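# Commentary on secondary and tertiary structure
Here's the letter readout for the chains.
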There are 4 protein chains.
Amino acid sequence: MESVGVGLIGTGYMGKCHALAWNAVNPVFGDCPDVRLLHLADVTEEQAAAKARELGFADSNAQWRDVIADPQVDVVSITTPNAFHAEMAIAALEAGKHVWCEKPMAPDVGDAARMRDASRAHGKVAILGYNYIQNPVMRHIELLLKSREIGKVHHVRFEMDEDFMADPEAHFFWKSEASSGYGALDDFAVHPLSLIHKLLGPVSSVMADMAKPFAHRPLVDGGERAVETYDVANVLLRLESGAAGMLCVSRSAWGRKGRVAMQIFGSTGSILFDQERMNEFQLYRNEGHAANQGFRTILASPDHPPYDRFLPAPGHGLGFNDQKVIECRQLLAAMAGEEAHLVDFEEGLAIERTVHAMARSFEEGRWISVLD
Amino acid sequence: MESVGVGLIGTGYMGKCHALAWNAVNPVFGDCPDVRLLHLADVTEEQAAAKARELGFADSNAQWRDVIADPQVDVVSITTPNAFHAEMAIAALEAGKHVWCEKPMAPDVGDAARMRDASRAHGKVAILGYNYIQNPVMRHIELLLKSREIGKVHHVRFEMDEDFMADPEAHFFWKSEASSGYGALDDFAVHPLSLIHKLLGPVSSVMADMAKPFAHRPLVDGGERAVETYDVANVLLRLESGAAGMLCVSRSAWGRKGRVAMQIFGSTGSILFDQERMNEFQLYRNEGHAANQGFRTILASPDHPPYDRFLPAPGHGLGFNDQKVIECRQLLAAMAGEEAHLVDFEEGLAIERTVHAMARSFEEGRWISVLD
Amino acid sequence: MESVGVGLIGTGYMGKCHALAWNAVNPVFGDCPDVRLLHLADVTEEQAAAKARELGFADSNAQWRDVIADPQVDVVSITTPNAFHAEMAIAALEAGKHVWCEKPMAPDVGDAARMRDASRAHGKVAILGYNYIQNPVMRHIELLLKSREIGKVHHVRFEMDEDFMADPEAHFFWKSEASSGYGALDDFAVHPLSLIHKLLGPVSSVMADMAKPFAHRPLVDGGERAVETYDVANVLLRLESGAAGMLCVSRSAWGRKGRVAMQIFGSTGSILFDQERMNEFQLYRNEGHAANQGFRTILASPDHPPYDRFLPAPGHGLGFNDQKVIECRQLLAAMAGEEAHLVDFEEGLAIERTVHAMARSFEEGRWISVLD
Amino acid sequence: MESVGVGLIGTGYMGKCHALAWNAVNPVFGDCPDVRLLHLADVTEEQAAAKARELGFADSNAQWRDVIADPQVDVVSITTPNAFHAEMAIAALEAGKHVWCEKPMAPDVGDAARMRDASRAHGKVAILGYNYIQNPVMRHIELLLKSREIGKVHHVRFEMDEDFMADPEAHFFWKSEASSGYGALDDFAVHPLSLIHKLLGPVSSVMADMAKPFAHRPLVDGGERAVETYDVANVLLRLESGAAGMLCVSRSAWGRKGRVAMQIFGSTGSILFDQERMNEFQLYRNEGHAANQGFRTILASPDHPPYDRFLPAPGHGLGFNDQKVIECRQLLAAMAGEEAHLVDFEEGLAIERTVHAMARSFEEGRWISVLD
């Protein structure tokens, strides 16, 4: 694989994030095939042309199918709204392209299953943009867990919170409509679930509660409308490993901006992490004299690969977008047939089924087995 | 009330803590009746005499009933193991004494109810040692919540964790036996529940999960024994106020030493607290320019009464035992017929019923209404 | 020594703090002689009588010399304003009493030297109230340093900051007058110097700068007056051990409430501490894999004696006043002829000479040897 | 300016960092001229060719003068060792190129002055790579200071620490030789000085101490050699604004990885920052009720431009390399004749003169005026 032709569908924030990653992956890693940014699609030809110029793509188009049809394109980044993922991803796989699709897969689990089926059928790499698993600190935590540095994990707590819907005076908008999904569960739960999958393995059963912090929201033109989605969810978890756990998500948590917090308790130690301080984590090990035991705050460093590809000095810090560059490098590895650390459509479907099990658990007021 | 005669039953750690409070309450507050430490009971006469000397009590005794019978004693501190609370507290109330009893009330909810009935019947002050509610920082948080400084609270998370049972190599002991109760739920849940009651009001329904981090523990003489109690519990909460919540407790959480953490999310702000840093809390308010919003770390200060009775300077810090001195001052207020900030046997019973509802919820795998 | 008779001169905040310590020392430690609170002096007889009632003293007096003359009094706590220390302490020592005097010794270094001479001449215990050295966390740090857990210390940074003079609108008052001393240097520098003495040994030379954040302050009755003292000082240090260092003090540092921060760098590790979080410290050691190295946050625990005398559980926290109880216990040990961990008048004089050397260095704009 | 031709000399870490910035600046900002990566020079032709492929440059060369001579090149990134800066930068300026040179300018202050002279003479943009000033959080702090949000600044403390020379067992290498400069002062002091310049204005006088934590270091082949440089420096500062200050730098501070910490105290508030947590800062303002005052931890967000060009959501975090992208955008602005936020050769010379004044102050043991 001497060179890779890249197509991009969608140029909103995540489209830009993919483009940044495609631009940076070779300068950062220095060991990739030649990455050629070939073809980009956006809603209008004008906008597509402007974005192509900005993001460094050679061609542009208002027809996403043309990107997929482009014979020089080997891999397609799909960063459009979730409702379009299934159609585009399946079309791309059918056209023999590798697919890098933003998560979640699809609002409808049936569509997600069809995406998974297409990835099986066509033998191409099909992965989802779960970038938090790419943080070098997270990779190191994974390594610590797998080498049993904190023994057998028996209890975990995950939280994901932001505050973009914390203001009751914010207007009713599409995220408050039932058609957008369950609420915080869709927006957030997949992220901690991707971490749980990679660090701890699958969830076996769930018992969820959901809540509406604000029953109504004002309408732009006056009056108000009943909120149909749940901005808060709390979930009891049982993992296949036997560990017990808890997951809380909220998009109405004032002061939380990008919190993805985890507490992992094992038989010989504990690990803490919060994405708001993504360049550090905390490790406690029951070793040495009790008078000197405490949580160690460990800063990201070249000892946590591939941090070393970005920076030669410890404690200088990576950013959110750098995670996407690492994800891009992993995708190139997968395309080259190498082992890679990614969430593919198979695992992505398992994650989304877990979310749907949570919602069902809430509706039925009982524990639900994810495998059912 | 010019003077108060004090009796003390039990001289373990909490007995000492009560004695320290009785010794300090007047020097700290300077506005109390004369506190006379009269009569102390312990298991043997010898030990009782030694402890009386240390703790400043005039008389000592191996018969706790003699303390209660002492006509000069006005109030009895009961700090014996939980199983003895009911008999002693009821006897003291029947003898016309005020009672300061350590929590929880009793392993059996029927005994707790009888204690409550006795407190009603005899018209004496009967309170429980829920000291975390006395922290000046906590009192200030209560004030902030009541004056709606963070608006209407819609979501809360409480955690209480220690690690004294985190080591799987620790021997099986009485806390692993079913006769000791449910496990972490008894040891810990009452503390956050006391905070929930004071800050947010009663819990209406619960859905609990419990877990055994270690199925077996080694026996001192070799071999092992199956653990019968649950060192971990995770509980979904619904409060009467309408707020949704979560409570997690663990006595096997490596690195956590005295964590009692809470996150309270309201419609205009949030409050965070952790007892491991009991002299500070965090406040976020949606006010001012977004570029300058953040969680404020507020240090305990004379502006948070009665901190000012201990220290004239902010940021210098109170300790765990100081909370008990404040509790003692509140008890004296209650005995004088003044309004006081305490958990009495009535509220204590409500708290313990909530714990039992959690256990029942776990056994039956469904939501349980606390009022049932 | 079966019992100890205690006298107290001065009942302001530090007088109360001494009284609390005298009341608590036996209940906390349980191994002291019988402490009898005998005689207290305050400005008027009325106030003295009221304070004696509050603080648990038997007799009261408006004549401090009567406290010293009381034959039953073995030890005198002196907590009056600094200007009175020398006369009172020397009188007490001459009367054959042990002396527990609040720091600093005296505004005039000659007076301080006379106090030292009196302590030498009369062979009684004469100590100063440097309570920060008594924090169990600090004692543990001292132990770590002495056992070379971070190797040879080569660089230290000390800061002490509060904000009680941070507001330029605050009125001119006595602390802004030259007669009160240099400024922040007197108020604060002795505290970090007491830590430096105990942890690292004496300072050999200093080079200081001082600053006036506000040239004038408003007068209560209108107008303004030029400020004569320095609310800020920055000092370069050389220790006898060879370590280089820095000391910064400010009483105009908005947001700092009781900060006494230190950073100690050694050849194999580092230690950090801040009194605003007095129940924890941070330890870094160059050991184990680099990927797992970090500062450990260690919570105060029974493994840091004498924390265990106050609390049996880790992470529950001592308060500022508890440090004074420990100081009191050390004083009783010294009075019994046992080894004790205290700043006596000898060491106190060395500390104050260091402060005066700093002031001289500032005046002369050059390095000053403390021993000169 | 429709397009910009870029040359790069040096492809070590900072060369890669420049290349990443040149690759990312348009995708991130979307409003730049077309950036053409034209010509790169490295030590050998082979290495240059490999690096050109990785970093996306069209041509490569082993002769740096050929890069400068390339008529299509408009701007040259110079990222070679400091000793080469002067010759290369002056040649580039003479050739009519804009120059983006890594800091510091040159080991010799005369060379630095010649660079400044060349920049004056040829009227081209000539800037230094002081990236910490580009952090959006730092830009916001600058804004807060300039709008007097914390009033008049009267006292500042700056620290910069790493631990790459903390181990006394590390071998003697070129940084321990006098020919490398003073030591920590060269390595680190320029960084905090760049912040001081931008946030607070120039330094007027300095009084420095320097120290060698380890007198000798082992040689690779056995034996040891006396260390000639100072790994630690402590400096008293006086700013032109009248503020007093302190600067401490160490490259032997175990546990510090990329600490660039500042404390800024003003008449109405304070600001704290540490580069190890570059996505947050702390703000204290004396406003509202004292009971609710505290340091606010403010997370980087789109409200701190140009964070919004990288990420639409707050609290998600930029990385060290992103600072360089912002610097690159500022450089393009300067090249287009727009106002830009940069350290040019004029200001860079002032910064380096301040460092040399510190060294002279240490040698002479007295305060030195920077302007002398």
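Quantities reported herein were computed from a predicted structural model and do not represent experimental measurements.

Below, the discussion takes up the overall build of chain A. A count of helical and extended segments in chain A gives ten helices and 18 strands. In terms of overall dimensions, chain A is globule-like: its C-alpha atoms have a radius of gyration of 21 Å, near the 21 Å expected for 372 residues. When the backbone C-alpha atoms are referred to their principal axes, chain A occupies close to 60 × 55 × 40 Å. Per-residue burial for chain A yields a buried fraction of 66% across its 372 residues. A sequence separation of at least 24 residues applies to 69% of the contacts in chain A between residues at least 6 apart.

This part takes up the sheet that holds strand β2 (residues 34–41) of chain B. All names here are of chain B. One open sheet accounts for seven strands, arranged β3-β2-β1-β4-β5-β6-β17; its pairing is mixed. Bordering the open sheet on either side are β3 (59–61) and β17 (343–344), each of which pairs with just one other strand. By the bridge criterion, seven bridges tie strand β1 (residues 3–9) to β2 in an arrangement that is parallel. By the bridge assignment for β2, Leu8 is matched with Leu40. Against the sheet, helix α9 (residues 320–335) makes contact with β1, β2, β4 (75–78), β5 (98–101) and β6 (126–128), and its axis sits at roughly 160 degrees relative to β5, the strand it touches most.

Attention now goes to unusual backbone geometry. Residue and element names in this part refer to chain A. A cis amide bond, omega 0 degrees, links Pro305 with the succeeding residue Pro306. Relative to the elements of secondary structure, Pro306 occurs in the loop between β16 (295–299) and α8 (307–310). Unlike most non-glycine residues, Arg148 shows phi in positive territory, near 55 degrees. You can see Arg148 is positioned in the loop between α6 (136–146) and β7 (153–161).

The angle between the axes and the distance between the axes are what describe a pair of packed helices. All names here are of chain A. At their nearest, the axes of helix α4 (residues 82–94) and helix α5 (residues 109–122) sit 9 Å apart, and the two run at 10 degrees to each other. Between α4 and α5, the angle is such that the two are roughly parallel. Residues His85, Ala86, Ala89, Ile90, Leu93 and Glu94 of α4 lie in contact with α5, whose contacting residues are Asp111, Arg114, Met115, Ala118, Ser119 and His122. Along the lines of polarity and charge, the residues of the contact of α4 with α5 split into six nonpolar, three polar and three charged.

A few words on the pairing of strand β1 (residues 3–9) of chain D. Residue and element names in this part refer to chain D. Most of β1 is tucked away: six of the seven residues are buried. Taken together, β1, helix α1 (residues 13–29) and strand β2 (residues 34–41) form a β-α-β motif whose crossover is right-handed. The pairing of β1 with strand β4 (residues 75–78) spans four bridges and is parallel. Residue pairing for β4: Val6 is matched across the bridge by Val75.

Right, let's get into the confidence of the model for chain A. Mean pLDDT for chain A: 97, with 100% of residues reaching 70 or above. Predicted complex, confidence summary: ipTM 0.97, pTM 0.98.

Moving on, we come to the packing of aromatic side chains. Scanning the model with the defined rule gives 32 aromatic pairs over all chains in all. Judged by centre distance (5.5 Å) and plane angle (80 degrees), the rings of Trp22(A) and Trp100(A) are edge-to-face. A residue pair is termed long-range when its members are at least 10 positions apart, and Trp22(A) in helix α1 (residues 13–29) and Trp100(A) in strand β5 (residues 98–101) qualify at 78 residues. The class for Trp22(A) is buried, based on a relative accessible area of 2%. Arranged with centres 6.0 Å apart and planes meeting at 80 degrees, the rings of Phe29(C) and Phe310(C) form a pair that is edge-to-face. Residue Phe29(C) is located in helix α1 (residues 13–29), and its partner Phe310(C) is located in helix α8 (residues 307–310); the two are separated by 281 residues in the primary sequence. What links up through ring pairs into an aromatic cluster is the set Trp254(A), Tyr284(B) and Phe295(B). For the cation-ring pair, Arg329(A) lies above Phe29(A), with the distance from its terminal atom to the ring centre recorded as 5.9 Å.

Contact residues are listed per partner, giving 15 residues for chain C and 15 residues for chain A. Overall, the association of chain C and chain A removes approximately 1,200 Å² of surface from exposure, summing both partners, and the carbon and sulfur fraction of that is 45%. By the criterion of area lost to chain A, the three top residues of chain C are Ala291(C), Asn292(C) and Arg296(C), representing 43% of everything that side buries. Between the two partners, chain C and chain A, sit zero salt bridges. Across the contact surface, chain C and chain A share ten residue pairs in polar contact (both at pLDDT 80 or more). Counting residues per element, the ones that place at least two in the side of chain C that touches chain A are α6 (136–146) and β16 (295–299) of chain C. By residue number, the principal contributor to the side of chain C that touches chain A is β16(C), which donates four residues. Here the residues of the side of chain C that touches chain A sort into six nonpolar, seven polar and two charged. Across three bridges, the pairing between β16(A) and β16(C) is antiparallel. Within β16(C), the position partnered with Thr297(A) by the bridge is Phe295(C).

Once turned by 180 degrees and shifted 0.0 Å along the axis, chain B lies on chain A with an RMSD of 0.0 Å. Here the symmetry operator amounts to a two-fold rotation axis. Of the C-alpha atoms belonging to chain B, the one lying closest to the rotation axis is found on Arg366(B), 3.0 Å away.

With that out of the way, let us pick up the sheet that holds strand β3 (residues 59–61) of chain A. Residue and element names in this part refer to chain A. Read from one edge of the open sheet, seven strands run β3-β2-β1-β4-β5-β6-β17, paired in mixed fashion. Where the open sheet ends on each side, the last strands, each with one partner, are β3 and β17 (343–344). Packing against the sheet, helix α2 (residues 45–55) makes contact with β1 (3–9), β2 (34–41) and β3, and its axis sits at approximately 150 degrees to β3. Against the sheet, helix α9 (residues 320–335) engages β1, β2, β4 (75–78), β5 and β6 (126–128), with an angle of about 160 degrees to β5.

Attention now goes to the environment of Asn61(D). Residue and element names in this part refer to chain D. Inspection of the secondary structure assignment puts Asn61 in strand β3 (residues 59–61). In the structure, Asn61 is positioned 52 residues away from Ile9 in sequence and 9.4 Å away in space, judged by C-alpha atoms. Not counting residues up to four positions away in its chain, the partners in contact with Asn61 are His39, Leu40, Ala41, Asp42, Ala48 and Asp66. A polar atom in the side chain of Asn61 sits 3.3 Å from the side chain of Asp66.

Attention shifts here to the interface of chain B and chain A. With 48 residues of chain B at the contact, the number on the chain A side is 48 residues. Summed over both partners, the interface of chain B with chain A buries about 3,400 Å², with 56% contributed by carbon and sulfur atoms. If you look at where chain B meets chain A, you find six salt bridges. With a shortest N-O distance of 2.6 Å, Arg157(A) and Glu159(B) are connected by a salt bridge. On the surface where chain B and chain A come into contact, there are 22 residue pairs in polar contact (both at pLDDT 80 or more). Breaking the side of chain B that touches chain A down by element, the ones donating at least two residues are β7 (153–161), β8 (203–211), β11 (232–239), β12 (244–250), β13 (259–266) and β14 (269–274) of chain B. Class assignment for the residues of the side of chain B that touches chain A results in 23 nonpolar, 15 polar and ten charged.

For the rest of this paragraph, the subject is the packing of helix α5 (residues 109–122) of chain B against helix α10 (residues 345–364) of chain B. Residue and element names in this part refer to chain B. With their axes 9 Å apart at the nearest point, α5 and α10 run at an angle of 165 degrees to one another. Classed by the angle they form, the pair α5 and α10 counts as roughly antiparallel. Note that α5 runs across α10; the crossing there is left-handed. In this structure, α5 contributes Val109, Ala112, Ala113, Met115, Arg116, Ser119 and Arg120 to the contact, and α10 contributes Phe345, Glu346, Leu349, Glu352, Arg353 and His356.

Residue and element names in this part refer to chain A. On the secondary structure map, Lys146 appears in helix α6. Here the alpha-carbon distance between Lys146 and Leu93, two residues 53 residues apart in the chain, equals 33 Å. A distance of 3.0 Å separates a polar side-chain atom of Lys146 from the backbone oxygen of Lys198.

What follows deals with the pattern of salt bridges. This model, assessed by the stated rule, comprises 128 salt bridges over all chains. Note that Glu142(A) and Arg139(A) form a salt bridge whose closest N and O atoms lie 3.9 Å from each other. Here the residue Glu142(A) and the residue Arg139(A) both occupy positions in helix α6, the gap between them amounting to three residues, near one helical turn. Looking at Glu142(A), the relative accessible area reads 9%, which means it is buried. Its relative accessible area of 26% is what places Arg139(A) among the partly exposed residues. Linking Asp209(A) and Arg238(B) is a salt bridge whose minimum nitrogen-to-oxygen distance equals 2.8 Å. In this pair, Asp209(A) is assigned in strand β8 (residues 203–211) and Arg238(B) in strand β11, connecting two distinct chains. Asp209(A) sits in the buried class, given a relative accessible area of 4%.

Reading the values: rules and limits
- Residues numbered from 1 in each chain as written.
- Chains lettered and ligands numbered in written order.
- Predicted model: local features only at pLDDT ≥ 70, side-chain atom pairs only at ≥ 80, totals over all residues.
- Heavy atoms only, no water.
- Helix = DSSP H or I, 4+ residues; strand = E, 2+ residues; numbered from the N terminus.
- Rg over C-alpha atoms; globule rule 2.2 N^0.38 Å.
- Buried < 20%, exposed > 50% of the residue type's maximum accessible area, 1.4 Å probe, protein only.
- Contact = heavy atoms within 4.5 Å.
- Pairing = 2+ DSSP bridges.
- Axes fitted to C-alpha atoms, helices over the stretch in contact; angles between N-to-C directions.
- Parallel < 35°, antiparallel > 145°, perpendicular 65-115°, else oblique.
- Nonpolar A, V, L, I, M, F, W, Y, C, P; charged D, E, K, R; others polar.
- Right-handed = clockwise from strand over helix to strand, strands pointing away.
- pLDDT = per-residue confidence, 0-100.
- Phe/Tyr/Trp six-rings, centres within 6.5 Å; stacked < 30°, edge-to-face > 60°.
- Lys NZ or Arg CZ within 6 Å of the ring centre and 35° of its normal.
- Buried area = accessible area lost by both parts, 1.4 Å probe.
- Salt bridge = Lys/Arg side-chain N within 4 Å of Asp/Glu carboxyl O.
- Polar contact = N/O pair within 3.5 Å; in protein donor to acceptor, adjacent residues only side chain to side chain.
- Least-squares fit on C-alpha atoms with pLDDT ≥ 70 in both.
- Left-handed = near helix turned anticlockwise from the far one by under 90°.

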